[in-house]
Every structure is written in C-alpha cells, then in structure tokens.
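# Per-entry structural report
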Amino acid sequence: MARGTITIDEKRCKGCELCTSVCPKNLIQMATYFSARGYRPAILVDPHAQCTGCMLCSTICPDVAITVYREMKSRKAQLVAA
Amino acid sequence: MARGTITIDEKRCKGCELCTSVCPKNLIQMATYFSARGYRPAILVDPHAQCTGCMLCSTICPDVAITVYREMKSRKAQLVAA
Amino acid sequence: MLTDDMQVVYECPDALTDVITHYCPGCTHGVIHRLIAEVLDEMGIREKTIGVAPVGCSVFIYNYFDCDFAQAAHGRAPAMATGLKRVHPDRVVFTYQGDGDLAAIGTAEIIHAAARGENISVFFVNNAVYGMTGGQMAPTTLPGMKTTSSPTGRDVELAGFPLRVSELLAQMTGAAYVVRRSVHDPGNINKTKKAIRNALNVQLNQAGFSLVEILSSCPTNWGTSALDALKFVKEQMLPFYPLGDYKVADSAKSFIVG
Amino acid sequence: MLTDDMQVVYECPDALTDVITHYCPGCTHGVIHRLIAEVLDEMGIREKTIGVAPVGCSVFIYNYFDCDFAQAAHGRAPAMATGLKRVHPDRVVFTYQGDGDLAAIGTAEIIHAAARGENISVFFVNNAVYGMTGGQMAPTTLPGMKTTSSPTGRDVELAGFPLRVSELLAQMTGAAYVVRRSVHDPGNINKTKKAIRNALNVQLNQAGFSLVEILSSCPTNWGTSALDALKFVKEQMLPFYPLGDYKVADSAKSFIVG
Amino acid sequence: MQHEIIISGFGGQGALFAGQLIAYGALAEDRHVTWIPSYGPEMRGGTAHCTVIISDQEIGSPLVRRPTAALVMNPPSFERYEPAIQPGGILVANANLIATVSARADIRAFAIKANEIATEFGSPQLANMVLTGALVTATGMLKLETLDYVLNERISARHRDKLALNKQCLRRGAALV
Amino acid sequence: MQHEIIISGFGGQGALFAGQLIAYGALAEDRHVTWIPSYGPEMRGGTAHCTVIISDQEIGSPLVRRPTAALVMNPPSFERYEPAIQPGGILVANANLIATVSARADIRAFAIKANEIATEFGSPQLANMVLTGALVTATGMLKLETLDYVLNERISARHRDKLALNKQCLRRGAALV
Amino acid sequence: MKELWEGNQAIAEAALRAGLEAYFGYPITPQTELLEYLSRKMPELGRAFVQAESEIGTINMVYGAASGGARAMTSSSSPGISLMQEGISYIVGSEVPAVIVDMMRGGPGLGNIAPGQADYFQLTKGGGHGDYHPIVLAPWSVQEAVDLTIGAFDLAEKYRHVVILAADGNIGQMMEPVEMPAPRKIEKRDRGWELTGAINREHRLISSIYLQPEVLHKHNEKIQAKQRAIEQNQVRYHEFLMDDAEYAVIAFGTSARVAHTAITWARAKGIRVGLHRPISLYPFPYARVAEISKRVRAILVVEMNAGQMLEDVRLGVAERVPVSFYGVMGGRVPFPDEVLPEIEKLVNSVH
Amino acid sequence: MKELWEGNQAIAEAALRAGLEAYFGYPITPQTELLEYLSRKMPELGRAFVQAESEIGTINMVYGAASGGARAMTSSSSPGISLMQEGISYIVGSEVPAVIVDMMRGGPGLGNIAPGQADYFQLTKGGGHGDYHPIVLAPWSVQEAVDLTIGAFDLAEKYRHVVILAADGNIGQMMEPVEMPAPRKIEKRDRGWELTGAINREHRLISSIYLQPEVLHKHNEKIQAKQRAIEQNQVRYHEFLMDDAEYAVIAFGTSARVAHTAITWARAKGIRVGLHRPISLYPFPYARVAEISKRVRAILVVEMNAGQMLEDVRLGVAERVPVSFYGVMGGRVPFPDEVLPEIEKLVNSVH
Ligand SMILES: Cc1ncc(C[n+]2csc(CCOP(=O)(O)OP(=O)(O)O)c2C)c(N)n1
Ligand SMILES: Cc1ncc(C[n+]2csc(CCOP(=O)(O)OP(=O)(O)O)c2C)c(N)n1
Ligand code: SF4
Ligand code: SF4
Ligand code: SF4
Ligand code: SF4
Ligand code: SF4
Ligand code: SF4
Ligand SMILES: [Mg+2]
Ligand SMILES: [Mg+2]
C-alpha cells in the first residue's frame, strides 16, 4: 500500500465536507474554527500516516483545495504523476 | 356503379390540374381559355355520363372548386351525404 | 350531367368562408385548410374553436375560416395558443404552422408547448422551404435540395441536417398524439383528415398535446408544376420523412380512430 | 505527513487560474470546472481553446480558466460558439451551460447547433433548478420537486414534464456524441472526465457536435447539505435521468474511449 | 425630360424583365435611371408591376403616381394605370388580354395583340418584347439599338438561342406605333 | 430624527431578519420606514446586508452612505461600515467574530460577544437578536416592547417555540449598552 | 391598514387584486419574487400561471391570453424586456390590452442586477419596430407601485394598449408600508373584440397584419389618435416645493427620492429648489415642463442612466433655461450628497 | 464603371468587398435577396455563412464571430431587428464591432412588407436595454447604400461599436446604377482584444457583465466617452439648395428623395426652400439643424412614420421656428405631390 498525504488549502476550502465522505480511511475532519472567509475548513487527521494518496478526496473537492502527494517508489505512482 | 357528376366553380379554380390526375375515368380536362383571374380552369368532359361521384377530384382540389353530386338511390350514397 | 335526383355529396364545408385563397395554384395548403374545416364541421366545434395563424404563406388562414382567429408572431403560435388555451380551457385551440415557423424560429415554443403537455392541437405543414419569403432553405429542406439560399443544394456540412419534427416531439412526455401524414394523393388526404380529427379529439378529451405533421407541396418555390410537386412529395420527401404514428400516449389511445 | 520523497500526484490544473470560485460550498459546478481544466491540460489544448460562458451560476467561469472566453447572452451560447467556431475552425470551442440556459430559453439555439452538426462541444450542467436566480423551477426539475416557483412541488398538469436533453438531442443527425454523466461520487467523476475528453476529441477530429450532460448538485437551492445534495443526485435524479451514451455517431466512434 | 414608366401584368408575363431591359438600356445610354418592382409574398398569378424612371438629371422620388407612360398586360393593370397616365402620355396595352380600349383623348393609346404576334414568332413568351418595342418607340425614350446591345450583353445562356427572336419582337412592336 | 441603519454579516447570520424585525417595529410604532436588502446571485457564505431607515417624515432616498448606526457581524462588514458611521452615531459589533475594536472617538461603539451569549441561551442562531437588542436600545429608535409585539405577530410557526428565547436575547443585548 | 410589503410581492398582490387572470413569467433578478409570489397565488385562485421557456414565450403567452379577453401580465427586467420588443410591437399593433412590469437593472448587455433606469428609451420611445409608445408609469415607492399597478390594468383596457410599470431593482426589493386596496371582483362582459369562440356571432380576428399600405396607414392613424388621446388625458406627475422654486430638479422613480432628500438639504441652505417628478414617462409632462422652464432659472435632471429622460426634458424646455444633468450608470443609485453639490453648481452657473 | 444593382445585392456585394468574413442571416422580406446573394458568394469565397434558426440566432452568431475578430454582419427587417435588441445591447456592452442592415418595413407588429421608416427610434435611441446608441446610417440611393456599407465596417472597428445601415424596402428592392468599389484585401492583425486562443499571451475575455455597480458605471463612462467622440466626429448630412433657403425640409432616406422632387417643384413656383438630409441618424446633426433654425422661417419634417426623427429635429430647433410634420405610415411612400402642398402650407403658415 502506497504512502501518501494531502494538504488542504485553507484559503480555498469552503467546508463543504464532501471530502470527508469519500476518504476510505476516514482521515478528513472538519475544523472547529472558522477560516478568514467564514468556513470551517477540512483538515487531515492522519496520526498513523494511513493516507494512501488515493486522490478520492481531491477528485470530489469542488474547490481544488486538496493537493495529493505520494511516495514515489513504485513505478505505478510515477506513471500516475506523469 | 353509382352515377354522379361534378360542377367546377370557375371563380375558384386556379387551373392547377391536380383533379385531372386523379379522376379514375379521366373526365376532367383543362380549358383552353383563361378565366377572369387569368387561369385555365378545369372542366368536366363527361359526354357518356361516366362520372361516379367518387369525390377523388374534390378530395385533391386545393381550392374547394369542385362540388360533387350523386344519384341518391342507394342507401350507401345517402349515408355519405349525411 | 346534373339531374334532379342527384344530391350533393361534396361541397365547400361551412367552416370555410367564401373567400378564394391567395395560395398558388396547386399548393396543398388549400387541401389542408379544407380538411381542417371539414373536421370542424363534422365534429360540430367550429363555434368553440380558436385558431392561431403563423407567419408564412398561411398567414391569411383567418380569412378562410369561419371561426375566431389570432395571428401570432413568427414562430410563436404555440405560445400564443398557450395563452389562449389557459384562459379558455373549454375551447378548442389549434395552431397552423409552416416548417420555417415551427421548426426554425419557433423551435423553443413548440418544444416547450409539447413538454408542458399543453392541451392544444398543432397542424404542422412541412413543405421543406420558406414559402412566403420566396423559397429559402428551411430546417426541413432535404439534403442536396436547391433553394434560393442553398443555391448549389443543401450542403449538410455547412448548413446541417434536416430536422425531423415528429420524431423529435415524440420524445416529449407531454405529447399525447404526434403523427406524420401527407396530402399528395386522395388516399393520403383521407388519412390526414382522420389524423386531424384524432388530434382535435385528443384535445377535446384533455389528453394533452397533439401534432399532425403534414407533408405539403410548394410548386412555386420548388419550381415545378403542381403535379410534379406531388410527385416530389411522394418520391423525395416520403423516404426522408416516413409517414406514421410517432407517439400515441396511453392518455390518447381511446380518442384515436384508424 | 509530507516527506521529502513524496511527490505531487494531484494539484490544481494549469488551465485553472488561482481565483477562488464564487460557488456555494459543495456545489459541483466546481468539480466540473476542474475536470474540463484537467482535460485541457492533458490534451495540451488550453491555448487553442475558446470557452463560451452562459448566464447562470457559472457566468463567471471565465474568471477561473486560463483560456480565452466569451460571455454569451442567456441561452445563446451555442449561437455565439457557432460564430466563433465558423471563423476559427481550427480552434477548440466549447460552451458551458446550465439547464435553464440550455433547456429553456436556449432551446432553439442548442437544437439547431446540434442539427447543423456544429463542430463544438457543449458541457451541460443539469442541476434541476435555476441556481443563480435563487432556485426556480427549471425545465429539468423533477415532477413533484419543490422549488421557489413550484412551491407545492412541480405539478406536471400545469407546469409540464421535465425535458430529457440528451435523449432529445440524440435524435439530431448532426449530433456526433451525446452522453449523460454525473459527478456525485469519485467513480462517476472520473467517468465524466473521460466523456469530456471524448467530446473535445470528437471536436478536434471534426466529427461533429458533442454534448456531455452532467448531473450536478445545487445544495443551496435544494435546501440541503452538500452531502445530501449528492445523495439527491444519486437517488432522485439518476432514476429520472439515466446515465449513458445516447448517441455515438459512426463519425465519432474512433475518437471515443471508454 | 423625365420618363416615368409603369409596366404591369400577371406574374409570369414578363413585366419585371421588360422594365429591367429598359433600365439597362438607360444605363447604356448614360442616363439616370431607377427600377423598382412590386414585391411581396411570392405567389403565382398575382399582378406584378415595376416602375422605371429615366432622366437626364438626378432622380428624386423613385415612385410614380402619374406615369408618363404605361405598359399594361392584363385587365386589372389597365384599370389601375390607364386613368393615372399624365395628359400627353402614352399607353401600350396587350389587346389579347385586355378587351377594353382607352377612351381618353389626352393620351396616345396603343392596343397591340402581343400574344398573337409573339405566337406568330413561335414564342408566346415574348409578348412582353413586342409591347416593349412599342413602348420604347412611342415614347422615344431609348434607341432600339440600345436594347439590342443590352440583350446581347445580358441575355442568359438559357435564352441565348432566342436572342434574335427577342430583337425581332422588339422591332415588330416598334413598327406598330 | 431619522435613523439610518445598516445591518451586515455573513449570509445566514440573520442580518436581513434583524433588519426586518426593526422595520416591522417601526411600522407598529406608526413611523415611516424603508427596508432594503442587498440582493444578488444567491450564494452561501457571501456577505448580506440591509438598510433600514426610520423617520417621522416621509423618507426620501432609501439608500444610506453614512449610517447613523451600524450593526456588523463579521470582519468585512466592520471594515466597510465602521468608518462610514456619522459622527455621534452608533456601532454594534459581534465581538465573537470581529477582533478589531473601533478606534473612533466620535461614535459610541459596542463590542458584544453575541455568539457566546446566544450559545448560553442554548440557541447560537440568536446572536442577531442579542445584537439587535443592543442596537435598538443604544439608538433609542424603537421600544423593545414593540419588537416583542412584532415577534408575537410575525414569528413563523416553525420558530414559535423560540419566541420567549428571542425576547430574552433582545433584553440581554439591550442590557449591554 | 398598512403592512410592510416588498415591492415585487406588493405589485404581484396588487395585480391579483386588480383582477389579474393570467400571468406568464420567467425568472430574472431583480423581479423574480414577483413570479415566485404568483406561482403560489395564481394556482390557488384557479387563475392561469405559466413559467414560460423564455421572455419571448411569456410576452407571446400574454398576447394570447389578452387576445382571449383576460387581464394578462408579465414581468421581467431589462434584458428580458429587450427580448419582448417584437411581441410588444405585435400586441400594440393588434390592440389588445397588456400589462408589463420592468424591474430595471444595470446595462447594457448582461450588465448587473443592481437598480437602473436605462430602459427609459426602450420603454417610452418604443424599443420595438413601428410607431407606438406604450404607456409607461414610474413609481417611486412601493405604495405608488401598488396604486399604479392597479391603474395599469384599467388603462390597458381603456386604450387596448400596452402599459408598462417601469420600476427599478430598488423598488422591487425594498420593503415599505403599504395600504393594499381591496380585491376587485372580475366581472366578465363581452367587449366585442376578444376571442372566445364564434358562438352566435361573427368570427373575430386579432391581428396586426395589414398588407395594403393604405390600410396599414389607416390602422396606424387609429393608433396615433389613441396615442394623442393618451397624451391629452394621462399625463401624471408629482411636485415638491415647486411653488416658489427658482430651480427645479426633474427626476423619476428612485432618483426622484434621492433628489427629494437633496432638495430638503438644499432648502435648508436657503436654495429655492423644487422637484418635478414625472410619473407617466409616456405620456411625458412636456407642457408642465415648458411652464416650469418659464418660471425657474435653471433645471437639473437626475437619472440612473446616461441621460435619457433628459431629452424629453430638453424638448419641453426648448433652451429657455439651462438644463444640466447628473447621471449614474451601471446599477449605481446616487446618494443625496452627490446630488446636493449638483444643485449648488446649478445655482452658481446661472449667477 | 457603373452597373445596375438591386439595393440588397449591392449592399451584400459591398460588404464582401469591404472584407466581410462572416455573415449570418434569416429570411425576411424585403431584405431576403441580401441573404440569398451571400448564400452563394460566401461559401465560394470560403467565408462563413450560416442561415440561422432565427434573428436571435443571427445576432448572437455575429456576436460570436465578431468576438473572434472577424468582420461580421447580419441583416433583417423591422420585426427581426426587434428580436435582436438584447443581442445588440450585449455587443455594445462587450465592445465588439458589428454591422447590421435593417431594410425597414411597415409596422407595428407583422404590419406589412412595404417600405417604412418607423424603426428610427428603436435604432437610434437604443431599442435594447442600457445606455447606448448604435451608429445609424441612412442611405437614400443604392450607390450611397454601397458607400455607407463599406464605411460601416470601418466605423464599427474604429469604435468597437454596432453600426446599423437603416434603409427601407425601397432601397433594398430598387435597381440603380452603382459604381462598385474595388475589393479590399482582408489583412489580419491582432488588435489586442479578439478571441483567438491564448497562445503565448494572456487569456482574453469578451463580456458585458460587471457585477459591481461602480465598475459597470466606469465601463459605461467609457462607452459614453465613445458616444461623445462619435457625436463629435461622425455627423454626416447632405443638403440641397440650402444656401438661400427661407424654408427647410428635413428628411432622410427615401423620404428625402421624395422631398427632393417636391422641393424642385416648389422652387419652380418661386418658393425658396431647401433640403437638409441627415445621413447619420445617430449621431444626429443637431448643431447643423440648430444653425438652420436660426436662418430659415419654418421647417417641414417628412418621414415614413408618425414623427420620430421629428423629435431630434425639435431638439435642434428649440422652438426657434415652427416645425411642421408630414408623415405617412404603414409602408406607404409619400408622393412628391403630397409633399409640395405641405411646403406651401408651411409658407402660408408663417406669412
Ligand atoms: C421575426 C420574423 N422573421 C422573419 C420573418 C419573415 N418570414 C415570413 S414567413 C417566413 C417563413 C415562412 O416559412 P414557413 O413557416 O415554412 O411557411 P410556408 O410559407 O412555407 O408555408 C419568414 C421567414 C418574419 N415575418 N418575422
Ligand atoms: C434574458 C434573460 N432572462 C433571464 C435572465 C436571468 N437569469 C440569470 S441566470 C438564470 C438561470 C440560470 O439557471 P441555469 O441555466 O440552470 O444555471 P445554474 O445557475 O443553475 O447553474 C436566469 C433565468 C437573464 N440574465 N437574461
Ligand atoms: S488521498 Fe485518499 S486516503 Fe488520503 S486523505 Fe485523500 S481520500 Fe483519504
Ligand atoms: S471537499 Fe474541498 S472544499 Fe469541501 S471540505 Fe473538503 S477540502 Fe474543503
Ligand atoms: S367525382 Fe370521381 S369520377 Fe366524377 S369527375 Fe370527380 S374524380 Fe372523376
Ligand atoms: S384541382 Fe381544383 S383548382 Fe385545381 S384544376 Fe382542378 S378544380 Fe381547378
Ligand atoms: S409559395 Fe409555395 S407554400 Fe406559398 S402559396 Fe405558393 S406554393 Fe403554396
Ligand atoms: S446556487 Fe446552486 S448552482 Fe449556484 S453556486 Fe450555489 S449551489 Fe451551485
Ligand atoms: Mg414552409
Ligand atoms: Mg441549473
């Protein structure tokens, strides 16, 4: 299983929660604070580095707030990144 | 075979010749003279009283120029006329 | 020879006025008018009928019918008919429209009248050209057909493909009765008349939107004799626009004959 | 945890600008924008692409794309795109239109663009309401669905039946590629992206008119959370608007994947 | 002198073409000229007419209420335009279709059996040429040779075989006034 | 005296409703009143504001550039309207969302932790009522009882269970000025 | 009893009470609430309501319903009104009564949705082809919008003509206290022209085609006679402090309210200025403006456009006194503190 | 070398020679021959031609083609022009150049197909929403129609504005001798705004939406500045026997030709009357009309409508001298023998 992670751009995130519903590892939660634009942004809560970089969250994010990273060991991952 | 006849209203006829093409007995011809409106009207040429009152000519006439008559002996003809 | 024991079996229907039409010799607009009038007479609904005239050669249709008429803006007859029908739901409202009127500028209006299942009847006269303006290409002009605005024949690459209106409108859930007929010979004329009757009967029974597309001739702009024009309908138009019943909704079935 | 040996596998496509959209939280207009941008990047055609924006919530789409854009009058994007494409046949021209824009006021324009086989691509975002004006009934509003202009639910007797755009346009001879997709979950999002790519590929290969209808959410006007809105798409809209390929003309077949 | 001419007949009788021929003739003679057709819903059998003005000066109103000359080819045209002709003006009528004869003493009226004559030439379509020859000659507005020239230049390929016949018809009409 | 009030916050914070409450209050007190919302593409999260004018005379311009009082619920609203308030005017701000405090000496400014207070009442939605109570009292433009009356009359069936709570929030806000 | 009403809803309710029988609409900001209100009320009352496919659809449905003798109305905002121009021309040409509400916004093109007054020309001069002027009424308050709406139906029927209520986004969105009149009973009687089916009578025709120029000329003379009658009898305006005015501000609708405030301020400064507010934009109060131009020293026109009514004012003034102009465009509503300096400039310019 | 050309075809050919790259049309009498002519010529030349589904289609295709930088045109007649009003407003708002031909006919409504001039208001004042005036040029002969057509494209591009050739059915159907100018070479250069794909440059936008009122106000100020520049620089008129005139007839297009003849007759009777003929209806020659009104004793306006340009004349005249009007409506063209008595009446009225 690939290892990955994501970053969520708090400026772009509108707190719609869509990403939370698709993460197979349930790694995304909504913040309790408000962003400058008045939304509760999504945050990655991944203490055990479970994120696989599967891109499901970025695929559903309507606001292109999520950047996905993956460890580039496997050929497959490199292909996807190409 | 029913006996019938037609009258053609020269005022209405525009000389389109459509009626001539549908008469099963070939009884309609185009006049050689011009009507007041500048058309050669259709005329019934039925010396042997062959017209059956079949209404094909009136059915195709775009100008409602043809009135069809039929001998009212048979029940059927009466029904049609009703 | 007219004898005393002969009786009239066909004469001008009551629903038509005495006025001679302005149509060109042999133009089948006249046939279609007559059929509608005969049906109005036979159904006894002339007095409760309101017609809506299009812009096109048939713009003067109201001169020829002895019933109330409104004259719509080009393409907007279905909208005008909607307004009329909504305030007179117990009246019979029909539009009479050409292919330029209905299938070009009036596309949105006819589609949405059908979508609404507007309880009106549409008599759609498809003669494959803009007759009144002098024979330009219509949405229904056949591929390769020469018109004054497709002088080298309709080039589907540049001018696109003809619209098949009945097939299209049959897609609409709100459409109850959509058929295509032709008036190029007496047999088809009689079938067309039945369809007109069906359409009005569907309306009378509140069964929804009805449309009869009728293939019609335009000898003047096709540059043919009236007789050749009927041949053109039969030989060129029929293969491209097959006759048939494109939609008879369940709501309509019991009001249909033939 | 971001480590040094990690590389970006997904980031904002180049064809999108840095501007944050004005869309409501969770509105899938944003997803669809992203997909188009990704395809433009992947096909390397951003620089030869001209988009045409509608009137609707996506009126500001031009702020978000790094390519030339025109902003059309309500419903007229296909006409404007026709003008653009005819004078720039070697450019990629697409319209992006909502259901009010395309299926109500713009009915005539989209039908005739398809009839002409106009070599453009249309991305049709069906969210079953007029989003921008505050959630009125659209031509695609489901029967019984409550909107601000059908407050007791769409009454098909009075307001008519929804239009199924893909089914309708598939009737047009000039249409090369007409499909319906949805963006309610990642799998469908990926399929939608493929369809967008297919549509543009059809255009690039001069194969004719292409349209991708995309079922989309409007949480604000549906009065639901963003998540419930996706559920609504799946549970209410999909049954009424089945996904699928409604037309893949022979001319288009070789340019289609998936 | 300004010639203000109306030419009128059933559609298909060639009224518009006759007018255009004259208009082209005027252009060839370097005169000022306007030609205006009646236009309308295209329907066979209706009346078509055109107005031609030929002048040595710039032409103001291109419309004519009281023509200096009229060429009429069918009864309705006769009825409409015969009374309108200016005193001293000219009327050319196709006597094959128009039974009435002008009773006006203040105009010069010519009733010409143009259909008959054209049929003699084997081309009934050319009645309009016979009448045009008469009109042009009676008014003296153009030289017949100019019309020959125009026909040479402008007759369509389809009708080129009738070129000589056209000219003959013009001459025949001219001889009748 | 003419009260020219702007109430502004994120969509969903209840700015428009607060304004309407005041407007209905003015009507109940038989004053002249106008209420105008900002309107626009309906999108969640944007800023919504409304303008209320209450006067004893007919109201001319219904628009306000320099309000006599402003109720601001989020930072952008503070930034926009705090400087605009007329000298001697009143500012009521939701201190839970707005960190900045007005530095103006020529107005009376109240920073109220309305979210906190409303949450204490068990109904965080009612922050706008707390602020409205403060605004109405600080300006003296209406009697609180009038607002009670309006709430009695107009509160929707869905929110009727919160009627008392609404009134309490108004009172609590009023007590803070 | 007065109640607070939002402009759009108030107009809708007024139309209902005036006996509106058929409404056809299409959403557009800032008039959509009018459509929404009627989408609920009309079906409840068993009256005709259709949300059409477009504004072209709505105006032609109005044309149909009105041809059928019903009190019919549509509403829209600027771009939608542009789309109705052909239909309006047909309705006028066919002489059927119809009421249209234009909640004007910023233009040209898509512009924006903020309040504007730049449809003045298209509404008053006839934005469609042919010779006609719809009756155009411009309210400056929600109450007046209600009153004019009711009157609009009567005028439309009296003259068998199009009546347009020309408001702006501000009037549509604003809430104000309104005294709503009691509903009217709709009594149906045959007026001799409406299409109802030719039962025991001659058939009728609603049409605007007159192929013969002479006949169309005559038809137009009839329409023009009607326009003259309207110009004679339907001029409406309102004035404020004009009795002793040395200067006049002329403005309509929302601009007039702004001017009203500015005038109060100017009076406080001792400037003898008054307000003339045309309520009927067509027929325009030319005669009254001419009178005013004989009494005052200068005139300021204030509009939310680039100067459209200005032309009509200048026609009335005929260069007797200077006419200056203050306009804001693009959906901006001027503030009184912009208009006051314009009044002061006006005063200085003639000193 | 002069050749006889029918007006519609002459305009089409002139447009071709001016470098027309894209034409979109829809049939309507009396302009259809223009469409028909181009339906043959444009494809032959490899240029864009589409017979659209409606006039709404054509104007928005023009909008698209023009946004793409092409010389684009459409043509229609009165009802079709009414349908274009929204599109025209968008084109003006987006500042793309476009040429429109209006072969005016009798209105309102369906009216008839005979020549008319009753689109004056809709063309010159802006029949669409928002503040703008297209440039409107009115030829009185086929030759002038050709010359103005060529100029129209240049003006449209110079100002990035809509230019309308306002002719009437008469001009469209009439044949007259024409000196056809040589074809221009179309040279393409990037003017910095057209949409061609963002290759090696920033992306571009053609749009008329400016959501912020302040911004739309600024945008309108820019358009207004352009209108002022047009008013400064593009006024065109033609005069006949005005030097010593005591009376003036003001007329445009076909009416002016009729007036011309009547004036010749009046001069023959010793009446010192001249003709002022506005060629640019917008910008209207107000200043020149004002000058004239200072020199003549009375003015007669002749139009094929109920008195539309009349308003602009009265704006220029400012009641300095009496202005009388003779109008025919409904597609009727006046005859000189109707206009002559009007001139005589005018003379008598001031004696
Ligand atoms: C808005 C508008 N555009 C164009 C026209 C011109 N016009 C009149 S009839 C017609 C076409 C008629 O063709 P069709 O509907 O096929 O009827 P047909 O004459 O063939 O029976 C057109 C384009 C018009 N009157 N109004
Ligand atoms: C001519 C015209 N009519 C109406 C409008 C108002 N209007 C703006 S957006 C819109 C509907 C948008 O709905 P849709 O196309 O479904 O897009 P969505 O906002 O749902 O994405 C309407 C009716 C307009 N701008 N122009
Ligand atoms: S990339 Fe996959 S695993 Fe990682 S956060 Fe996103 S959805 Fe979860
Ligand atoms: S999907 Fe995107 S916008 Fe929505 S909560 Fe997640 S990161 Fe934020
Ligand atoms: S009724 Fe029949 S048989 Fe008699 S003329 Fe007509 S077509 Fe011939
Ligand atoms: S079909 Fe009718 S119009 Fe035609 S020739 Fe026969 S009778 Fe005359
Ligand atoms: S032009 Fe064609 S459609 Fe029109 S009347 Fe003549 S034949 Fe019939
Ligand atoms: S209103 Fe609906 S469609 Fe528009 S941005 Fe919001 S959620 Fe999306
Ligand atoms: Mg046709
Ligand atoms: Mg939508």
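Note: the structure precedes this text.
Residues numbered from 1 in each chain as written. Chains lettered and ligands numbered in written order. Predicted model: local features only at pLDDT ≥ 70, side-chain atom pairs only at ≥ 80, totals over all residues. Heavy atoms only, no water.

For the rest of this paragraph, the subject is the overall build of chain E. A tally of regular secondary structure across chain E gives six helices and six strands. Whereas a compact globule of 177 residues would reach a radius of gyration of roughly 16 Å, chain E reaches 15 Å, a difference of no more than 12%. Counting only C-alpha atoms and orienting by the principal axes, one finds that chain E spans roughly 40 × 40 × 35 Å. Expressed as a percentage of its 177 residues, the buried residues of chain E come to 55%. Accessible surface for chain E amounts to roughly 7400 Å². Of this, 50% is attributable to carbon and sulfur atoms. Between the averaged position of the 16 positive side-chain charges in chain E and that of its 15 negative side-chain charges there is a distance of 4 Å. (Helix = DSSP H or I, 4+ residues; strand = E, 2+ residues; numbered from the N terminus. Rg over C-alpha atoms; globule rule 2.2 N^0.38 Å. Buried < 20%, exposed > 50% of the residue type's maximum accessible area, 1.4 Å probe, protein only. Areas by Shrake-Rupley, 256 points an atom, 1.4 Å probe, with all protein chains shown as cover. Lys, Arg positive; Asp, Glu negative; His and termini not counted. Charge placed at Lys NZ, Arg CZ, Asp CG, Glu CD.)

What follows covers the sheet that holds strand 2 (residues 49-53) of chain D. The mixed open sheet is built from eight strands, whose spatial order is 10(D)-8(D)-9(D)-5(D)-4(D)-2(D)-3(D)-9(H). Whereas interior strands pair on both sides, the edge strands pair on one side only; in this sheet they are strand 10 (244-248) of chain D together with strand 9 (205-206) of chain H. Looking at chain direction, strand 3 (residues 68-71) of chain D and strand 9 of chain H are connected through two bridges and run parallel. Counted as the bridge partner of D:Phe69 is H:Leu205 from strand 9 of chain H. Where helix 5 (residues 107-115) of chain D meets the sheet, it contacts strand 4 (92-98), strand 5 (121-126), strand 8 (175-182) and strand 9 (209-215) of chain D, and its direction lies at approximately 135 degrees from that of strand 9 of chain D. (Pairing = 2+ DSSP bridges. Contact = heavy atoms within 4.5 Å. Axes fitted to C-alpha atoms, helices over the stretch in contact; angles between N-to-C directions.)

Looking now at the pattern of salt bridges. Taken as a whole and judged by the stated rule, the model has 106 salt bridges over all chains. Across the pair D:Glu213 and D:Arg180 runs a salt bridge whose closest N-O atoms are separated by 3.0 Å. Highlighted residues: D:Glu213 in strand 9 and D:Arg180 in strand 8, separated in sequence by 33 residues. What makes D:Arg180 buried here is its relative accessible area of 0%. Within this structure, G:Arg71, G:Asp154, G:Glu157, G:Arg184, G:Asp190, G:Arg191, G:Glu194 and G:Arg204 form a network of salt bridges that share partners. (Salt bridge = Lys/Arg side-chain N within 4 Å of Asp/Glu carboxyl O.)

Next up on the list: the state of the cysteines. Disulfide: a covalent bond connecting the sulfur atoms of a pair of cysteines. Within the structure shown, the criterion is met by zero disulfides over all chains. Free cysteine D:Cys12: the closest other cysteine sulfur is in A:Cys61, separated by 10 Å. (Disulfide = S-S within 2.5 Å.)

Attention now moves to helix 3 (residues 55-67) of chain H. Residue and element names in this part refer to chain H. Here helix 3 contains 13 residues, and its C-alpha end-to-end distance of 18 Å stays within 8% of the 18 Å for a straight helix at 1.5 Å per residue. Taking the backbone nitrogen of isoleucine 56 as reference, a side-chain oxygen 3.1 Å away marks serine 54 as the first, capping residue of helix 3. In the segment just after helix 3, glycine 69 is the residue with positive phi, at about 95 degrees. (Expected span 1.5 Å × (residues − 1). Polar contact = N/O pair within 3.5 Å; in protein donor to acceptor, adjacent residues only side chain to side chain.)

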